[in-house]
There are 2 protein chains.
Amino acid sequence: MATRKVAARYDAALEPTGINVAQYAMLRAIERRQPVSLTELGRALDLDRSTMGRNIRVVEKLGLVATGRGDDQRESVVRLTDHGATVLRKAGPLWEGCQTDIEARIGAERLQALADINTLL
Amino acid sequence: MATRKVAARYDAALEPTGINVAQYAMLRAIERRQPVSLTELGRALDLDRSTMGRNIRVVEKLGLVATGRGDDQRESVVRLTDHGATVLRKAGPLWEGCQTDIEARIGAERLQALADINTLL
DNA sequence: ACATGAAGCGTGTATATACCCCTATCTCCG
DNA sequence: CGGAGATAGGGGTATATACACGCTTCATGT
């Protein structure tokens, strides 16, 4: 329930960019690793491979990322498009603003607890 | 990401009962309020009405709850079946065991932080 | 060189979730 | 009493997510 509320707030904050918080996280992960395979992305975001594939398809349709084959012909490699990079730049401050709002509401310790849980589990 | 990990643990713990943690939470909410309308349940669990309807349909197919019309003919009222109550009794200790495991891993404060976030947001 | 097993993806299926729109029902006021 | 507005659900559509299965490609040992 807590996650739904948190996610809804980020989604609302990112609304002007046309992406949601899951997509934002995915684009950020791609940005730092590109070019990157689906499997590698899935590991980074702790998502099932098949989920990655479908999620990437969505942002690809939006023109935010481009996919191709890697040197290893089995791999599907993903990279940001110029448009994707632009959207990410626009989304950054919105995301941070939301983060600040949430922190003001729940306190820095509780926000940190979420990051800790991710590490500890 | 943290939520996915937490949910996956509870789902694994509840596996012997055939229900997942979202369904467990829903059945618990029904147990405490039955007979209860979809809208009321949705408010309790902070879920969209349409989501409630679809989720209820799943547990209804499993024979865990029964639905009918209320005095207000618009309302769909839900109550646990005997089977649903049995499954819930079986699930309780599994859920608690998982909760204890998680607390041992992340610490009571961080676990409490999740409940707090839910209240504060 | 090739058979075998491993790795990477895609698809099918199922649940969870939200938003929008439509219909049915209820309430309340003039 | 009858219409206006509010409320309850249901269905369509879209995203996010997981698991099982099957196909393709790669790597490795003999």
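Structure's up top.
Here the structure is a predicted model, which is why all the values come from computation and not from measurement. Positions within a chain are numbered from 1, following the residues in the order the chain's sequence is written. Chain labels run from A onward and ligand labels from 1 onward, assigned in the order the entries are written. With the structure being a predicted model, the display of local features is reserved for residues of pLDDT at least 70 and the display and counting of side-chain atom pairs for 80 or more, all residues being used for whole-chain, interface and lining totals. Side-chain figures throughout are based on the complete set of non-hydrogen atoms in the structure, without hydrogens or water.

(A) Here's a closer look at the interface of chain B and chain A. Contacts: residue pairs with any heavy atoms within 4.5 Å of one another. Listed per partner, the contact involves 21 residues of chain B and 21 residues of chain A. When chain B packs against chain A, close to 2400 Å² is buried across both sides, 66% of that on carbon and sulfur atoms. By salt bridge we mean one thing: a side-chain nitrogen of Lys or Arg within 4 Å of a carboxyl oxygen of Asp or Glu. Taken together, chain B and chain A are joined by 2 salt bridges. Residue D116 of chain B is joined to R110 of chain A by a salt bridge in which the shortest nitrogen-to-oxygen separation is 2.9 Å. Whenever two N or O atoms come within 3.5 Å, that pair is a polar contact, provided that in protein one can donate a hydrogen and the other can accept it, and provided that, for residues adjacent in sequence, both atoms are side-chain atoms. At the junction of chain B and chain A, the tally comes to 8 residue pairs in polar contact (both at pLDDT 80 or more). Secondary structure counts use DSSP, requiring at least four H or I residues in a row for a helix and at least two E residues in a row for a strand, with both numbered from the N terminus. Of all the secondary-structure elements, those providing two or more residues to the side of chain B that touches chain A are α1 (2-14), α3 (38-45), α5 (82-106) and α6 (108-120) of chain B. In terms of residue count, α6 of chain B provides more of the side of chain B that touches chain A than any other element does, 7 residues in total. Residue classes follow a fixed rule: Ala, Val, Leu, Ile, Met, Phe, Trp, Tyr, Cys and Pro count as nonpolar, while Asp, Glu, Lys and Arg count as charged, and any other residue, Gly among them, counts as polar. Within the side of chain B that touches chain A, the residues separate by chemical class into 12 nonpolar, 2 polar and 7 charged. Defined in terms of a 1.4 Å probe, buried area is the accessible area two parts forfeit on being brought together, summed over both.

(B) Spatial organisation of the protein's contact with DNA strand C. Being near a molecule or strand, for a residue, comes down to having at least one heavy atom within 4 Å of it. Surveying the vicinity of DNA strand C reveals 25 residues, the closest of which are T39, R54 and S76 of chain A together with N20 and S50 of chain B. Within 4 Å of the protein, atoms of DNA strand C come from sugar and phosphate in 60% of cases. In the model, a phosphate oxygen of DNA strand C is placed 2.9 Å from a nitrogen or oxygen of the R4 of chain A side chain. Within the side chain of N55 of chain B, one N or O atom sits 3.0 Å away from a phosphate oxygen of DNA strand C. When residues of the surface near DNA strand C are traced back to their parent elements, those giving at least two are α3 (38-45) and α4 (49-61) of chain A together with α4 (49-61) of chain B. Per-element accounting of the surface near DNA strand C gives the leading share, 5 residues, to α4 of chain B. Taken together, the residues of the surface near DNA strand C break down into 3 nonpolar, 10 polar and 12 charged.

(C) Broad picture of the sheet that holds strand β3 (residues 76-80) of chain A. Residues and elements named next belong to chain A. Spatially, the 3 strands line up as an open sheet ordered β1-β3-β2, and their pairing is antiparallel. Either end of the sheet is taken by a strand with one partner, and the two such strands are β1 (36-37) and β2 (65-69). By definition, two strands form a pair when at least two bridges between them are found by DSSP. As paired elements, β1 and β3 share 2 bridges and run antiparallel to each other. Pairing of V36 across the sheet is with V78, part of β3.

(D) Representation of the packing of aromatic side chains within the structure. Residues and elements named next belong to chain A. Any two rings among Phe, Tyr and Trp, with Trp reduced to its six-membered ring, count as a pair given centres within 6.5 Å; such a pair is stacked if its planes are under 30 degrees apart, edge-to-face if over 60, and tilted if neither. One pass over the structure, following the stated rule, counts 4 aromatic pairs over all chains. Ring geometry for Y10 against W95: centres 5.7 Å apart, planes inclined by 20°, an arrangement best described as stacked. Taken as a pair, Y10 in helix α1 (residues 2-14) and W95 in helix α5 (residues 82-106) lie far apart in primary sequence, 85 residues in all. For every residue, the accessible area obtained with a 1.4 Å probe (protein chains only) is divided by the maximum for its type, and the residue is called buried under 20%, exposed over 50%, and partly exposed between those limits. Since its relative accessible area comes to 23%, W95 is described here as partly exposed.

(E) Summary view of the pattern of salt bridges. In total, this model carries 6 salt bridges over all chains according to the counting rule given. Note that D72 of chain A and R74 of chain A form a salt bridge whose closest N and O atoms lie 2.7 Å from each other.

(F) Quick look at α5 of chain B. Helix span is expected to be 1.5 Å times the residue number reduced by one. With 25 residues, α5 of chain B extends 36 Å between its outermost C-alpha atoms, agreeing within 8% with the 36 Å of an ideal straight helix rising 1.5 Å per residue. When we look at burial in α5 of chain B, the residues that qualify are G84, V87, L88, A91, G92, C98, I102 and I106 of chain B. Against α6 (108-120) of chain A together with α1, α2 (21-33), β3 (76-80) and α6 of chain B lie the buried residues of α5 of chain B.

(G) Main features of the protein's contact with DNA strand D. The local shell around DNA strand D holds 26 residues, among which N20 and S50 of chain A together with T39, R54 and R74 of chain B are the closest. Separating a base nitrogen of DNA strand D from a side-chain N or O atom of T51 of chain A is a distance of 3.3 Å. Separating a phosphate oxygen of DNA strand D from a side-chain N or O atom of R57 of chain B is a distance of 3.4 Å. Elements with a minimum of two residues in the surface near DNA strand D: α4 of chain A together with α3 and α4 of chain B. Ranked by residue count, the leading element in the surface near DNA strand D is α4 of chain A, at 5 residues. In the surface near DNA strand D, the residues fall into 3 nonpolar, 10 polar and 13 charged.

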